[in-house]
Every structure is written in structure tokens, then in C-alpha cells.
Amino acid sequence: MTTTIQAAIGTRLLLALTMASASGLAGSQTPVGDTPTTARTVSGDFISWREHIIDDPVTAGVNFSGSDGFVMGDIDKDGFEDIVSVHESDAEYDSGSFLDDFVPPVAGHVRVHFGSNDPDSWINITIAEAEDVPAPEDAVITDLNGDGWLDVVAAAERSHLIYLQNPGPNARSETWPRLILPLTRNKGSYIRVFAADFNGDGVPELTAPNKGAQTPGPEDYARSTPVELHTLQGDPLDGDSWQVQVLGNYSIPQNAEPVDIDSDGDLDIIVGTRGESRLIIFENPGDGSLNFSEQAIGIYGARMAGFNLEYVDLSGDGRLDIIGTAARGMVWIEQPARKGDAWNAHYIGTFAPDSHTGYATADIDGDGDIDLIAGSYSRGDRTGDDASASVNSPLGRIGWFENPGVAAAEGEWARHDISRRVRGMFDKFMARDLDNDGDLDFIGTRGNSYPYDGVFWLEQVRSSEPRAAFQRARAQESNEIPLP
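Residues numbered from 1 in each chain as written. Predicted model: local features only at pLDDT ≥ 70, side-chain atom pairs only at ≥ 80, totals over all residues. Heavy atoms only, no water.

**Focus on the environment of A130**
- Tracing the backbone through its elements, the reader meets A130 in the loop between β5 (123-129) and β6 (136-142).
- Classification of A130 by relative accessible area gives buried; the value is 13%.
- It is 5.1 Å that separates the C-alpha atoms of A130 and G108, two residues lying 22 residues apart in sequence. (Helix = DSSP H or I, 4+ residues; strand = E, 2+ residues; numbered from the N terminus. Buried < 20%, exposed > 50% of the residue type's maximum accessible area, 1.4 Å probe, protein only.)

If you want it as C-alpha cells, here you go:
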């Protein structure tokens with residue numbers, strides 16, 4: 001047993017030294033995506049990644065860009081998961097469309113990607129665009145009219161929430177009936193939307209934070225805007241069927257996610273605020289009412305604004321912990337045993353000088369614990385590579401962090417970089433075994449990099465010898481860049 005442990009420690013040390021050497025080489029010579037991978041599975045195979053395009057403006061012949069959130073579900077009930085994605089279609093915030101003179105000044109697209117048994121074969125359509133969805137940031141799928149078909153609700157940063165009703169068997173060809181929720185029209189900037197049946201009546205409610213303005217200025221940080229709960233009684237295409245309840249008002253609220261955080265069998269709501277850099281729980285009373293009670297999440301060792309969060313039991317104590325972004329990088333906060341006590345923050349890692357935007361949890365290396373994939377948000381020109389961009393600029397990066405194991409989850413996680421490009425905002429990821437080969441792949445969206453914006457998937461490739469960390473799908477791409 002002792003020999004085995006010593007061997008394992010020696011192997012891990014050698015791997016760490018190899019990673020440090022590879023990182024140094026990348027920083028001085030080799031772009032990240034071309035660097036030989038050092039990531040390995042529990043069985044010893046090397047892990048690299050191959051990019052596949054699901055949808056982009058070039059292949060689609062549709063001028064969309066600024067890809068943000070996406071959700072998945074079987075929209076056409078053919079047994080295969082589909083993707084609903086949103087695309088802001090702007091060159092910079094509050095700019096309207098940059099693509100050509102024929103696109104309305106208020107642009108945006110909501111698209112559906114119908115899946116099949118071939119992960120490289122998708123049918124892509126637009127179900128809403130332009131004034132219906134000005135700068136859409138997020139979407140949710142849920143059956144709101146009770147007909148058994150998944151509908152879509154999109155959150156538009158430049159105006160409102162819009163309900164798009166699935167037409168049923170002809171969802172790929174028919175126009176989707178729609179309603180802009182009257183109580184949201186021109187009310188600010190809806191950045192997220194979620195759906196859940198909080199009171200158990202069989203009809204989902206919607207939660208939506210309104211951050212006030214697409215690009216908040218000092219005056220927006222100084223005022224409070226609502227986190228809303230929208231309830232439905234009747235036909236969702238009838239504006240009079242919708243009511244709204246304000247859960248609370250905050251400085252730049254940007255999340256309102258349903259999750260059973262206290263594991264009592266009903267769904268609570270986790271709110272994150274950019275202006276206040278804090279998280280709040282709205283606890284479900286569990287009595288069939290919507291009388292949520294507000295509780296602050298006190299964090300020792302970090303401040304979190306909570307735009308994207310992941311929920312998983314990392315400490316192994318049976319309670320959900322939370323992964324998110326803090327000032328020094330990615331952290332996880334440990335849920336205390338007693339309600340009201342502080343959540344302790346534990347460091348995961350950083351992409352500095354790059355940011356942390358979208359991420360997802362999954363057992364990437366097959367060792368039985370939860371790892372984390374993450375993407376960053378590039379700055380600068382969204383329509384062409386900036387010649388002044390350097391290794392020290394905030395660029396578009398994808399990488400994953402290897403969990404050190406439940407017993408040592410408080411330690412720093414090993415980082416495995418996949419790609420680092422001048423342009424790319426990687427807003428969200430979901431884990432799926434798309435090619436049915438037994439390992440997990442990832443679906444993601446990419447913005448800030450027209451004409452390369454859109455939806456893609458990363459195939460996990462396992463090999464006996466190290467390969468380049470990333471194999472891109474396009475011959476022409478935004479420049480790959482080394483690490484600092």
C-alpha cells in the first residue's frame with residue numbers, strides 16, 4: 001500500500017513538473033492549442049480536444065453573432081436532444097447590428113439546432129429575430145401551455161421577456177406563435193430567465209433578474225432593479241394570463257436560478273448581484289405558496305457576483321456546494337452544516353490575465369470526481385483580430401481544472417489549457433457524450449469573434465501518446481496565442 005501511494009505521488013509530481021515545463025514552453029514559443037497535452041485519464045490515456053461546428057453565420061448564411069446562452073431538450077420529440085441558442089448580434093454593447101445595412105438596428109436571433117444520431121448533422125433554424133429579441137442573452141425551455149411540447153422563453157438585454165410557443169409536429173417549418181410579456185416590455189435589461197414549478201401546481205413559473213441597462217453605468221449601480229417571479233394563469237399567449245411578483249431589488253442582479261440548495265425536496269432560488277458582489281437564497285416555504293424567505297449567503301474568503309454558478313457536492317458531506325468566480329479566480333464555497341453560518345471559500349484556479357465566463361462540471365478524466373471546464377471573455381474588437389493583442393491581453397481561452405479528489409478538494413486544482421485565441425467569448429458549456437464513445441464531450445457557445453461566433457462541440461479525444469491540446473474545426477481562425 002505504501003509503495004503504491006509513493007508511486008502515485010511520484011507520478012503526480014512528475015506530471016506537475018511536465019505541466020510546468022509545457023506551460024513555460026507555451027508562454028515563450030508555442031500557442032496554447034498547439035501545445036502537446038499533458039492531461040491524462042485515470043487509466044493513463046492522454047486527453048486532447050477536437051472542435052466541431054454546429055452552427056455559425058458562414059455555414060448558416062444568416063448574419064448572427066454575439067452567441068450567449070443555450071439550453072437543451074427534445075424540441076421535436078424525435079428522441080434526440082436539440083439545442084436552443086441566443087445571439088445578441090451586435091459589435092459592442094448598445095450598438096445594434098454591425099453586419100450590414102439591411103439588418104434592423106435592434107438585432108438578435110434565437111435559433112434551434114435539431115439533433116440526430118450523427119453529432120455532426122444538425123438542422124438549424126431561426127425562430128425569432130430582430131425587434132422580437134433585441135440582444136437576447138439567455139433562454140429557457142419548458143412546456144407552458146401543457147400540450148406536451150417544449151416551448152421557449154428568451155430574455156432580451158435591450159427590453160423584455162418573450163414567450164415562443166412550440167407549434168408541435170411542424171416545429172422545424174412553422175412560425176412559432178409568440179407573446180412579449182406585457183409586464184416586461186421596455187422595463188430595462190433582462191439578462192437571465194429560468195423556469196420551475198415552485199408551488200407544485202403543475203404550471204411552471206419564470207424567474208428573471210433585470211439588471212436595468214445592457215451596459216450599466218454608475219447611475220445604474222447606484223439604484224436597485226428587480227428580481228422577478230412571473231406566474232401564469234391561463235393561456236400563455238394571452239397577456240392578461242401573466243402576473244409578476246418582485247422577490248427583491250438589488251444593484252445589477254444577474255442570476256435567479258432554481259435549485260434545491262437545502263436538499264429539502266423543493267426548489268429554492270439563488271440570486272447573484274454584480275453591483276453588490278453577493279449571493280442570496282430565496283428559500284421555498286414548501287407549502288404550495290410562493291412566499292419565499294430571503295437569506296444572505298455569507299462567504300468567508302471570497303465575494304461572488306454569481307452570473308454563472310455550478311452546484312455540486314465537492315466536500316462529500318451530502319450538501320450542495322457552489323462553484324463560481326471571485327476576484328482571484330474560480331472558487332468553490334462549502335455549504336455549512338448549520339443554516340446561517342458562513343460558507344468557506346476554497347480556491348480552484350485562474351485563467352489570469354483572461355477572465356472566467358462560462359463553465360460546467362463533469363468527470364472529464366474518468367476518476368470518479370467532478371472536474372470543471374471553463375471559458376473566458378475576450379476584450380477588444382469583435383470583428384477582427386487586434387494586431388496589438390499580446391500574451392498579456394485578456395483573450396478567449398478554454399481550459400479545464402482537474403479535481404484533486406474529494407479528500408483533497410481544498411487544494412489547488414491542476415489546470416489543463418485547451419485553446420487561447422485573440423477573440424472568443426465562451427459563455428456556456430454542457431457536458432454530453434455526443435459521439436457515444438464512453439467519455440464526455442462538451443457543447444458550447446462562442447461570441448465576440450464574428451464570423452466565428454455560434455455553437456460548437458468539443459470532442460474529447462483519448463490517445464496513448466500526447467497530441468496537440470486542441471484541433472480546430474476551421475482552416476482560417478482567430479489567432480492562437482501562447483500563455484503569458
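**What to know about the pattern of salt bridges**
- Within this structure, the stated rule accounts for 24 salt bridges.
- One salt bridge connects D138 with R192, and the closest N-O pair in it is separated by 3.2 Å. Of this pair, D138 sits in strand β6 while R192 sits in the loop between β9 (178-180) and β10 (194-196), and the two are 54 residues apart along the sequence. Assigned by exposure class, D138 and R192 land together as buried. (Salt bridge = Lys/Arg side-chain N within 4 Å of Asp/Glu carboxyl O.)

**Observations concerning the pairing of strand β20 (residues 321-326)**
- Across the six residues that make up β20, a large majority, five, are buried.
- Bridging between strand β19 (residues 310-312) and β20 involves three bridges; their strand directions are antiparallel. Residue E310 lies in a different strand from β20, and its bridge partner there is I323.
- Pairing geometry for β20 and strand β21 (residues 329-334), over five bridges, is antiparallel. Looking across to β21, one finds that T325 is bridged to M330.
- Turn length for the β20-β21 hairpin, with the two strands adjacent in sequence and antiparallel, is two residues. (Pairing = 2+ DSSP bridges.)

**Comments concerning the sheet that holds strand β26 (residues 414-421)**
- Reading across from one edge, β23-β24-β25-β26 is the order of the four strands in this open sheet, with antiparallel pairing throughout. The sheet terminates laterally at β23 (359-362) and β26, the two strands that pair on one side only. Direction aside, the axes of adjacent strands within the sheet are offset by 15° on average. (Axes fitted to C-alpha atoms, helices over the stretch in contact; angles between N-to-C directions.)

**Digging into the packing of aromatic side chains**
- Per the counting criterion, the structure on display carries four aromatic pairs.
- Judged by centre distance (5.9 Å) and plane angle (50°), the ring pair of W49 and F442 falls under tilted. Here W49 is found in strand β1 (residues 46-55), whereas its partner F442 is found in strand β28 (residues 441-447), with 393 residues between them in sequence. Accessibility classification places W49 together with F442 in one group, the buried group. (Phe/Tyr/Trp six-rings, centres within 6.5 Å; stacked < 30°, edge-to-face > 60°.)

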